[in-house]
Amino acid sequence: MSSLNNKWIDITTNIQYSPDLFCIPPHYKKDIKSVLIPNGFVKDRIARLAEEIVDNSDGPLNVCCILKGGYQFFSDLVHHMKKIRKINNSSIPLTYDFIKVKSYVNTQSTGKIQVSLSESDLKKFEGKDILIVEDLIDTGKTMIELLKLLKQYNPRSVKVACLMIKKRENKEYPYIPDYVGFSIPDEFIVGYALDYNEHYRDLDHVCIINNEAKERFSI
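Residues numbered from 1 in each chain as written. Predicted model: local features only at pLDDT ≥ 70, side-chain atom pairs only at ≥ 80, totals over all residues. Heavy atoms only, no water.

## Let's talk about the nonpolar core
For the record, the criterion: By convention a nonpolar core is built from buried Ala, Val, Leu, Ile, Met, Phe, Trp, Tyr and Cys residues, the set being connected through side-chain atoms within 4.5 Å. Three labels apply to residues, based on accessible area from a 1.4 Å probe with only protein chains included: buried if under 20% of the type maximum, exposed if over 50%, partly exposed otherwise in between. Runs of H or I in DSSP of at least four residues are treated as helices and runs of E of at least two as strands, each being numbered from the N terminus.
Counting residues in each nonpolar core, the largest one holds 33 residues, and the members touching the most others are Ile 37, Phe 73, Leu 77, Met 81, Leu 131 and Met 164. If you list the elements that add at least two residues to this core, you get strand 2 (32-37), helix 1 (39-55), strand 3 (61-67), helix 2 (71-83), strand 6 (129-137), strand 7 (157-166), strand 8 (179-184) and strand 10 (206-209). No other element matches the 6 residues that helix 1 contributes to this core. Of all hydrophobic cores here, the second largest spans 23 residues; its members include Leu 146, Leu 147, Leu 150 and Cys 162.

## Considering the packing of helix 1 against helix 2
Basically, it comes down to this: Interaxial angles span 0 to 180 degrees and are taken between N-to-C directions of axes, which are lines fitted to C-alpha atoms, for helices over the stretch in contact. In what follows, roughly perpendicular refers to angles from 65 to 115 degrees, roughly parallel to angles under 35, roughly antiparallel to angles over 145, and oblique to any angle outside these ranges. By definition, any crossing whose near helix is turned counterclockwise from its far helix by less than a right angle is left-handed, and any crossing with a clockwise turn is right-handed. Any two residues having at least one pair of non-hydrogen atoms within 4.5 Å are treated as being in contact. Here the nonpolar group is Ala, Val, Leu, Ile, Met, Phe, Trp, Tyr, Cys and Pro; Asp, Glu, Lys and Arg are the charged ones; every other residue, Gly included, is treated as polar.
At a minimum axis distance of 8 Å, the contact between helix 1 and helix 2 shows a crossing angle of 55 degrees. Judged on the interaxial angle alone, helix 2 and helix 1 are oblique. Note that helix 1 runs across helix 2; the crossing there is right-handed. Contact with helix 1, carried on its side by Lys 43, Ile 46, Ala 47, Leu 49, Ala 50, Ile 53 and Val 54, involves Phe 73, Asp 76, Leu 77, His 80 and Met 81 of helix 2 and no other residues of that element. The class makeup of the residues in the contact of helix 1 with helix 2 is 9 nonpolar, 1 polar and 2 charged.

## As for the sheet that holds strand 10
The condition is simple: Note: two strands are recorded as paired if DSSP finds a minimum of 2 bridges between them.
The sheet built from 3 strands is open, its strands ordered 2-10-9 with antiparallel pairing. This sheet does not close on itself; its edge strands, each paired only once, are strand 2 and strand 9 (189-190). Both strand 9 and strand 10 contribute to a ladder of 2 bridges, which runs antiparallel. Its bridge partner being in strand 10, Val 190 is matched across the sheet by Cys 207.

## Thoughts on helix 2
What counts here: Multiply 1.5 Å by the residue count of a helix minus one, and that product is the helix's expected span.
An ideal rise of 1.5 Å per residue puts 18 Å on 13 residues; helix 2 measures up with 19 Å between its terminal C-alpha atoms. By the burial criterion, the buried members of helix 2 are Phe 73, Phe 74, Asp 76, Leu 77, Val 78 and Met 81.

## Remarks on the packing of aromatic side chains
Cut-off, in case you're wondering: Centres within 6.5 Å make a pair out of two Phe, Tyr or Trp rings, where for Trp the six-membered ring is used; the pair is then stacked when the planes are under 30 degrees apart, edge-to-face when over 60, and tilted otherwise.
This model, assessed by the stated rule, comprises 7 aromatic pairs. Judged by centre distance (5.3 Å) and plane angle (85 degrees), the ring pair of Phe 41 and Phe 182 falls under edge-to-face. With a gap of 141 residues between them, Phe 41 in helix 1 and Phe 182 in strand 8 connect regions that are remote in the sequence. Since its relative accessible area comes to 28%, Phe 41 is described here as partly exposed. What makes Phe 182 buried here is its relative accessible area of 0%. Three or more aromatic residues joined by ring pairs form one cluster here, namely Tyr 28, Tyr 200 and Phe 217.

Structure (structure tokens):
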């Protein structure tokens, strides 16, 4: 991990942990190739992100969770945000929305998107400070389209907190969120609410699964 980057923690491929060192549910033990980010490390980083977000907020915040994978990050993040007090002992009022986002052009997360919110729901964002909470950003194309959509409804501001972004070796990031927990290798990861065909959401740690698991749960 690099200590030079002050925007996020860089997780490298040469630092992975044996699943035998952690509490892994017995029904998943044979599936896990390695533990990439232990649960305690994830939660400590989220607590720090919560501090940054509250420090940069000056009023009510509408926190929008991207489902399904973002729910655990969202839950832990707002848990910490609710407890934080600013210098003048004030706190930040929070309201919540939950959004499902789908790309309906192809499977590469390109083109237009469709969201689960109605037109009347979207209109309620006018004049509000919005925080989008997402679990993982790969290319960033879907998030770029979502932000374009939300800005049509004239919110006061829109920021994005993302737990993980995929590394793009020798490539520029097309989109970088305002708050990032970790950058991770280009591996297929599960756990901490991230799934593989709806499996592994209940795994506490962020893990890499083996090829046998991918084949067994493939659709």
